[in-house]
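Listed below are the residues making up each chain.
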Amino acid sequence: MTQVYVTTEELSNLIKYDCRTIRERLKDSVLFEGVHYIRPFGGRKILYDWEAIKRDMCKFSANAMGIPMANGGVSHG
């Protein structure tokens, strides 16, 4: 599978969040370097891995309606 890297602006259009929200609230709290984004050649520019973000967005959505259990599982009612 090939990885699709997108800029902050492109990610903003894909997930319908403002660029500023991505940079200030999502980056390093739910989007992690090495998993969801990279800094090519050690520079300042950030490229996001769209496949990893899409995968993890769905994972969090599936658990959103559940009740967290002590053993780490989720009860769905």
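Structure shown above.
Source: prediction; values computed, not measured. (Residues numbered from 1 in each chain as written. Predicted model: local features only at pLDDT ≥ 70, side-chain atom pairs only at ≥ 80, totals over all residues. Heavy atoms only, no water.)

Undergrad: Explanation requested: the packing of helix α1 (residues 8-15) against helix α2 (residues 19-26) in the structure shown.
TA: The angle between the axes and the distance between the axes are what describe a pair of packed helices. α2 packs onto α1 with a crossing angle of 100° between their chain directions and a minimal axis gap of 8 Å. Judged on the interaxial angle alone, α2 and α1 are roughly perpendicular. Where α1 abuts α2, its residues Thr8, Glu9, Leu11, Ser12 and Ile15 lie against Cys19, Ile22, Arg23 and Leu26. Within the contact of α1 with α2, the residues separate by chemical class into five nonpolar, two polar and two charged. (Axes fitted to C-alpha atoms, helices over the stretch in contact; angles between N-to-C directions. Helix = DSSP H or I, 4+ residues; strand = E, 2+ residues; numbered from the N terminus. Parallel < 35°, antiparallel > 145°, perpendicular 65-115°, else oblique. Contact = heavy atoms within 4.5 Å. Nonpolar A, V, L, I, M, F, W, Y, C, P; charged D, E, K, R; others polar.)

Undergrad: Whenever I open this one, the pattern of salt bridges confuses me. Can you help?
TA: Pairing between side chains of opposite charge can happen when their charged atoms approach one another. If you walk through the whole model with that rule in mind, you get five salt bridges. Linking Arg20 and Glu24 is a salt bridge whose minimum nitrogen-to-oxygen distance equals 3.2 Å. Separated by four residues within a single helix, Arg20 and Glu24 lie in helix α2, roughly one turn from each other. This pair shows no difference in class: Arg20 is exposed, exactly as Glu24 is. (Salt bridge = Lys/Arg side-chain N within 4 Å of Asp/Glu carboxyl O. Buried < 20%, exposed > 50% of the residue type's maximum accessible area, 1.4 Å probe, protein only.)

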